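# Structure assessment
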Amino acid sequence: MRIEKADEIGFCFGVRRAVDILERVARERGGVETLGAVVHNQQVLQRLAEIGVRVAKGVDDIQGDMVAISSHGVSPQLEEEIRARHIETIDTTCPFVRRAQIVAHRLADSGFLVIIYGDADHPEVKGVLGWANNKGLATLDEKVIAKVDNLPRRLGVLCQTTQIPTHFTGFIKRLIDSVFARDFELRIIDTICHDIRQRQAAALKLARTADLMLVIGGHNSANTNRLAQLCSMATKTYLIETAEEIQPAWFQGQSYIGITAGTSTALETVNEVWLKLEAMKFG
Ligand code: F3S
């Protein structure tokens, strides 16, 4: 059995930056709270908890006078609510998410209805919508837009940073088809993260030649699920959070195994999977 890792693996730039900030602040101040989970990965959260990083479930759950905002960012309204309670913020918002927030703000200010191609329940998307002064909506289905009452003539479209680029372009094409006859003005801004683009391309390249792909990451991690979705278009794919979830029966008759991982999956977890596969080879 041959085992190969995709080229882009380990923390992305934004998660690495957020974890570094939290580790430093926890060390300097003896602990730190984060507003919501800083990453969607249980193993990383456990490691951070061991050095004093506590997750506050919401603003009402913040116990101290300082809180860290996750790499997904928050809306300006939520930032204001925190400030009004005299709680200091440590901002670990990823610069790629910040860019999407600024884009949304500028579009809304210029009179566009802001449309985010993304998951409306994801914290990043909720935050970006807030930056659009709530003059926007998030959806993965262009038909939702056609049904909006009194749809403004000017539409500004951006993308959740972790979406699959070809899905975004497909959405745009269908949107153009559905609104073009109505004298609309459409402004499209590509806000997909560069790191995600490279990671997805590297995973797909490997998936095209591998007999089976293992995608390692949180079951609730959006970008991990999308990596698994992408790989499953090319080959048999399993999403696992840890090495313990591996089932030897998956590998019967498979000779080339590819490994990739979500942006918040630590290299330690990837290496544990690697070691377990290597042990199976000789088991
Ligand atoms: Fe940022 Fe992209 Fe990671 S948006 S948090 S670098 S996946």
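Residues numbered from 1 in each chain as written. Predicted model: local features only at pLDDT ≥ 70, side-chain atom pairs only at ≥ 80, totals over all residues. Heavy atoms only, no water.

## Description of the overall build of the protein
For the protein, the helix and strand inventory stands at ten helices and twelve strands. The C-alpha radius of gyration computed for the protein amounts to 21 Å, which stays within 12% of the reference 19 Å derived for 283 residues, consistent with globular compactness. Across its three principal axes, the protein shows a C-alpha extent of roughly 65 × 55 × 25 Å. Within the protein, the fraction of its 283 residues that count as buried is 53%. Residue pairs in contact within the protein that sit at least 24 positions apart in sequence constitute 71% of those at least 6 positions apart. Of the roughly 13200 Å² of accessible surface on the protein, a fraction of 50% belongs to carbon and sulfur atoms. (Helix = DSSP H or I, 4+ residues; strand = E, 2+ residues; numbered from the N terminus. Rg over C-alpha atoms; globule rule 2.2 N^0.38 Å. Buried < 20%, exposed > 50% of the residue type's maximum accessible area, 1.4 Å probe, protein only. Contact = heavy atoms within 4.5 Å. Areas by Shrake-Rupley, 256 points an atom, 1.4 Å probe, with all protein chains shown as cover.)

## Notes on the site of the ligand
Near the ligand you find Cys-12, Gly-14, Val-15, Cys-94, Phe-96, Thr-161, Cys-193, Ile-196 and Thr-263, and these make up its full shell. One can see that the ligand is located within the largest cavity. A breakdown of the residues in the shell around the ligand according to their chemical character gives six nonpolar, three polar and no charged. (Near = heavy atom within 4 Å. 1 Å grid on protein atoms, 1.4 Å probe; cavity = no way out; pocket = protein on both sides within 12 Å on 5 of 7 lines; lining within 4 Å. Sits in = over half its atoms within 2 Å of the grid points. Nonpolar A, V, L, I, M, F, W, Y, C, P; charged D, E, K, R; others polar.)

## Here's the deal with the pattern of salt bridges
Tallied over the full model, the rule gives 20 salt bridges. With its nearest N and O atoms 3.8 Å apart, the salt bridge here joins Glu-185 to Arg-153. Here Glu-185 is found in strand E9 (residues 185-188), whereas its partner Arg-153 is found in the loop between helix H6 (142-146) and strand E8 (154-159), with 32 residues between them in sequence. Of the residues examined, Glu-185 reaches a relative accessible area of 25% and is grouped as partly exposed. Judged by relative accessible area, which is 41%, Arg-153 ranks as partly exposed. Close ionic contact of Asp-195 with Arg-199 constitutes a salt bridge, the shortest N to O distance being 3.4 Å. Taken together, the residues Asp-195 and Arg-199, both in helix H8 (residues 194-209) and four residues apart, mark about one turn of the helix. The same class applies to Asp-195 as to Arg-199, namely buried. (Salt bridge = Lys/Arg side-chain N within 4 Å of Asp/Glu carboxyl O.)

## Re the sheet that holds strand E6 (residues 113-117)
Read across the open sheet, the four strands follow the order E7-E6-E8-E9; overall the sheet is parallel. The sheet is open, and its two borders are formed by strand E7 (136-139) and E9, each paired with just one other strand. Going from strand to strand, the sheet's axes swing by 20 degrees on average, the running direction of each strand aside. Judged from the five bridges that link them, E6 and E8 form a sheet pairing that is parallel. Within E8, the position partnered with Val-114 by the bridge is Gly-156. Sheet strands in contact with helix H7 (residues 165-179) are E6, E7, E8 and E9, and its direction is about 165 degrees off that of E8. (Pairing = 2+ DSSP bridges. Axes fitted to C-alpha atoms, helices over the stretch in contact; angles between N-to-C directions.)

## A word on helix H4 (residues 95-109)
Compared with the 21 Å implied by 1.5 Å per residue over 15 residues, the 21 Å span of H4 between its first and last C-alpha is a close match. Looking only at H4, the buried set comprises Val-97, Ala-100, Gln-101, Val-103, Ala-104, Leu-107 and Ala-108. Buried residues in H4, looked at end-on, bunch into an arc of 160 degrees, giving them a common side. When the buried face of H4 is taken as reference, the exposed residues oriented beyond 90 degrees from it are Arg-106 and Asp-109. Those residues of H4 that are buried are in contact with E6, helix H5 (123-131), E8 and E9. (Expected span 1.5 Å × (residues − 1). Arc of directions from axis to C-beta.)

## A short note on the packing of helix H1 (residues 13-29) against helix H2 (residues 42-50)
Running from amino to carboxyl end, H1 crosses H2 at an angle of 20 degrees, the nearest separation of the two axes being 10 Å. Overall, the two elements H1 and H2 adopt an arrangement that is roughly parallel. Two packed elements cross with a definite hand, and for H1 against H2 that hand is right-handed. Side by side, H1 and H2 meet where Val-19, Leu-22 and Glu-23 of the first sit next to Val-44, Arg-47 and Leu-48 of the second. (Parallel < 35°, antiparallel > 145°, perpendicular 65-115°, else oblique. Left-handed = near helix turned anticlockwise from the far one by under 90°.)

## Some thoughts on empty space enclosed by the protein
Scanning the entire structure with this criterion turns up one cavity of 30 Å³ or more. One number sums up the size of the largest cavity: a volume of about 280 Å³. Forming the boundary of the largest cavity are 22 residues, of which Val-15, His-72, Thr-162, Asn-223 and Thr-263 lie nearest the centre. Broken down by secondary-structure element, the contributors of at least two residues to the lining of the largest cavity are H1, H4 and helix H9 (222-232). By residue class, the composition of the lining of the largest cavity is ten nonpolar, eleven polar and one charged. (Points joined across faces, edges and corners; volume = space filled by probe spheres on them.)

## Comments concerning the pairing of strand E2 (residues 32-35)
Judged by which residues are buried, E2 turns out to be covered on both faces: Val-32 and Thr-34 on one side and Glu-33 and Leu-35 on the other are all buried. In this sheet, strand E3 (residues 53-56) lies alongside E2 in parallel orientation, the contact comprising four bridges. Pairing of Leu-35 across the sheet is with Ala-56, part of E3. Following the backbone out of E2, through H2 and into the adjacent parallel E3, one traces a crossover that is right-handed. Both E2 and strand E4 (residues 66-69) contribute to a ladder of two bridges, which runs parallel. Among the inter-strand pairings, Thr-34 is bridged to a residue of E4, identified as Ala-68. (Right-handed = clockwise from strand over helix to strand, strands pointing away.)

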